[in-house]
Amino acid sequence: MTLRSDQEEKKIFMETESLSKAYDPKEIEGKWFTFWMENGFFKPCLEESSRATFSIVIPPPNITGSLHIGHALNNTLQDILIRWKRLTGKNTLWQLGIDHAGIATQNVVERQLAAEGLRKEDLGREAFVHRVWKWKAESGGTIIEQLKRLGSSCDWDRERFTMDEGLSRAVREVFVRLYEEGLIYRGHYMINWCPRCQTALSDLEVNYEEVQGHLYYLKYPLCSDKSRAIMVATTRPETMLGDTAVATHPEDERYRDLVGKTALLPLVDREIPIIADPVVDEKFGTGAVKVTPAHDFNDFEIGKRHHLEQIKVIDEQGNMTAEAGKYQGLDRFSCRKKVLKDLESLGYLVKTEDYRHAVGHCYRCQTPVEPLISKQWFLKMKPLAEPAIEAVREGRVRFIPSHWENTYFEWMNNIRDWCLSRQIWWGHQIPAWYCLDCQEITVARQTPAACRSCKSKNLRQETDVLDTWFSSALWPFSTLGWPDKTREMELFYPTSVLVTAFDILFFWVARMIMMGLKFTGTVPFHDVYIHALIRDEHGQKMSKSRGNVIDPLIMMDRYGTDPFRFTLTALAAQGRDICLSEKRIEGYRHFCNKIWNASRFVLMNLADFDPTVSIAQSQALDLADRWILSRANSLILQVDQALTEYKFNDAANAIYQFLWHEFCDWYIELVKNRLTSQANSQSKAIAQAVLVKVLQNTLVLLHPIMPFITEEIWQKLPHQEAPAIAAEGTGCKAAKPAASIMAGPWPIFDPSLEDREAEEKMALIMDVIKGIRNSRSELNLHPGLKVEVLIKITGSEQRDILANYSSYIELLARCQGIKIGPDIEKPKNSVSLVVRDMEIYIPLQGLIDFEEERKKLLREISKIDEKLIFLNKKLANEDFIQKAPSHIVDKEREAVELLTTQKIKLQQNLSLISSN
């Protein structure tokens, strides 16, 4: 790396264009993303092994997906981490990829066919799958381009797809190994079935929704005494046609004498036993329940324990089977109405009650699922879960926030076998072949030439495909080249952190831990950061039906990517849902404007900047210089600690407070005179050097959150060296370096710049200035009006500080003639305020009309009182509290708080005026 000479540096800076007058994200975002891509800044270095590594695998978005607000948050947080670690000198990889999304993608293409008047069966499997690949090529990359729009710094040349050749090989390898170890098996079992998608669903693919339904009370006559009956309660009367028992709790005294007897099933006239089983809830309904082993998970288990017959009365289309007798052919919901009508006419329907209960729906098409017994492929989970539980218990995998560990343990300790097979065409076709001669199954990595048992070549491959989440479970290592021993696996596995949402903790995270341990012998990642849900500004869940969805693409177009990213980051507190509004995004757009304008001011005052001026241990540093350098130095620690602890909001808010309220509002205002004055060239040179150093370092700290604006400004600042960029395809140093903020370096805390004395002195001065400013504002004094200030203070140390830096007070509080001393008395017609242990007086004689001001304040207080009476009366109305939407009630309460605060302030002002 070659340093430029001082003369070259000055020449280069003088030739640099300044920032445009206004911040326009459209002018800079595409330009810099292209620059980063073309110069290979996102690439890792595979040749280098000395540098520490940091890697993340992206939660692969569905091929059908478009960027939504959850994607935006998730990928912004990942990008912050990868940019931060890249700046600190780590060899980084952010592995990109897309999921094939079996059911969702097949549904998209089926809808296209339907619009053409076709069904997938009209094409046949091979042609249909070809059609899906064609759709992927044409439309499947939408979200990739949208992630680029967000500024995501993945290695875009390493994009993987869960059905690409390499990942398909990994899937087959894992399936075969698990099968050979006896962990994958095929058997009849109760599964969740979607009649619309025509496929089995895992437990995690079923969304349970509270619905308003009914509880129907039916009586089943005893076979031994038709005058007696046992009454059951059910939400699904259509399944009674498949009942093979009635069950009660063994300790329920009401039915003890009936256990062992039989009842006659109405409409079917089938004799069924009355049994006792401890799973029965005595408090539900009548305490006696109908048992339908072929259509209910609990009943299936009861049936196995009591050796009950399984009678399937609902088929895969959701229609009634021949076993349903005269109801055959009806769909399940029509059958329910017909059964209820017949039961009522025959006197078997005793009563109906309103009943809210959870009903399972397909996570893709929202169709109510049907529990069915089916022959499927399953994976035994308990042997895989045990090591994964230990990995978290021992701290090898850490959840942030930590309370998610309890949720993880609860699910893992109660894990059930995973139904792997799906009855669709798009996906990884299960690598199993059935021999049509001897009926044996051959499971193999490659298509077998013959049956492994009888050597017959008359084979047929399993038509089912694997659950989409099976390939996703291999994602951290399959994307890096496993089962081969690749350089990527050596350098970047295990990955460093996984950033994800809580809703796929079991779908994906737990399964990745299990598969990673099983096939690599180590955990797939060390940290799992689980971010919160984004809600609207009122705390309501975003949904299209509510009309409260915030589209990230629209927000980025309207306000820019950087303000949008910063908003998400500033609100991303651990363990707390984000309440997002467009106003917040607009507010942080103003922050970008503030940064832009401050940077523009700095650049406009660097025409004679000398980069050789050193501020290290300089005796020429002013108090304000020492203070801002110390505060900027502390900011490095704050940001480092916040990002290390995944407290993204703390990092964002620390930078915001520093840039806006310390650098812009205080330091820049204090040095303006030094920059324009020619009286002291050394003071000006020091101010320029401090401005450049602080701004440059703060831009680097901000870069992971706001990559575009920081690059644009950084490029305009003078630099003493050009950091090397990543060479094409390697991520190693290029022969011809190009400067970028992405090359760093990340600022390092410098103990020599820590200056508690300067911070304490400035804090005192700032408190005095803020006190005077507040009084001026409360009294509505014109900003340009200079006032006299008298400060009564007894402490000699504080008195000396204020006296030595009275110019700061005069400049920023718009004062003239400051008097400081222990014996100062309050002048007539003045206001007083207390700051720390000082009394500050501002004479107002001739500046305001005290009587007119007093009347004005009284009028304003009276108006507020009227509003408060109205609002308090409204909030005292129980009808309003109970019927109005919660966010409306909250808004009215906030209005009361705001008005009360305003009233207190006005009363304080009135007190000030009235004391004269």
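Coordinates for the structure precede this section.
Just so it is clear, the structure is predicted and the values come from calculations on it, not from any experiment.

Attention shifts here to helix α7 (residues 142–149). When α7 is considered as a whole, its buried residues turn out to be Ile143, Ile144, Gln146 and Leu147. Mapping the buried residues of α7 onto a view down its axis gives an arc of 165°, with all of them on the same face. Tucked inside the fold, the buried residues of α7 contact α3 (69–87), β3 (97–98) and α17 (552–559). Just downstream of α7 lies Gly151, where phi reads positive at about 95°.

Once that is clear, we can look at unusual backbone geometry. At the junction of Trp482 and Pro483, the peptide bond is cis and its omega measures out at 15° in the coordinates. Relative to the elements of secondary structure, Pro483 occurs in the loop between α14 (475–478) and α15 (487–492). We note that Leu267 has phi near 70°; this positive angle belongs to a residue other than glycine. Within the fold, Leu267 resides in the loop between β10 (262–265) and β11 (270–276). By relative accessible area, which is 24% here, Leu267 ends up partly exposed. Unlike most non-glycine residues, His307 shows phi in positive territory, near 55°. Summarising the element assignment, His307 is placed in the loop between α9 (297–306) and α10 (332–346).

Bringing the side chain of Lys85 into the picture now. Looking at the element boundaries, Lys85 is found in helix α3. Here Lys85 sits buried without a salt bridge, and the closest side chain of opposite charge, Asp640, lies 7.5 Å off (N-O distance). Every residue in contact with Lys85, bar those within four places of it in the chain, is listed here: Phe54, Lys90 and Thr92.

We now examine the sheet that holds strand β28 (residues 830–835). Sheets are built from strands paired through backbone hydrogen bonds, the pairs being either parallel or antiparallel. The mixed open sheet is built from four strands, whose spatial order is β27-β26-β29-β28. Whereas interior strands pair on both sides, the edge strands pair on one side only; in this sheet they are β27 (815–821) and β28. The average undirected angle you get between the axes of adjacent strands in this sheet is 20°. Here three bridges tie strand β26 (residues 787–792) to strand β29 (residues 838–843), and the two strands are oriented antiparallel to one another. Directly across from Lys792, in β29, lies its bridge partner Glu839. Contacts between helix α25 (residues 796–804) and the sheet are confined to β26, β27 and β29, with β27 contributing the most and set at about 160° to the helix.

Reading the values: rules and limits
Here the residue index of a chain counts from 1 through its sequence in written order. Per-residue local features are limited, in this predicted model, to residues with pLDDT of at least 70; the limit for side-chain atom pairs, both in listing and counting, is 80 or more; totals at the level of whole chains, interfaces and linings are taken over all residues. The basis for every side-chain value is the complete set of non-hydrogen atoms in the structure, without hydrogens or water. Each residue is placed in one exposure class: buried if its accessible area under a 1.4 Å probe, protein chains only, is under 20% of its type's maximum, exposed if it is over 50%, and partly exposed if it falls in between. In this description a helix means any DSSP run of H or I spanning at least four residues, a strand means any run of E spanning at least two, and both kinds are numbered starting from the N terminus. Taking the helix axis as origin, the arc is that swept by the directions to the C-beta atoms. Whether two residues are in contact is decided by their heavy atoms, any of which lying within 4.5 Å being enough. By the counting rule applied here, Lys and Arg register as positive and Asp and Glu as negative, while His and the ends of each chain are not counted. Salt bridges, as used here, are contacts in which a Lys or Arg side-chain nitrogen is within 4 Å of a carboxyl oxygen on Asp or Glu. Paired strands, as defined in this entry, are two strands with at least two bridges between them according to DSSP. Axis geometry follows a simple rule: fit a line to the C-alpha atoms, using only the stretch in contact for helices, then measure angles between N-to-C directions, giving values from 0 to 180 degrees.

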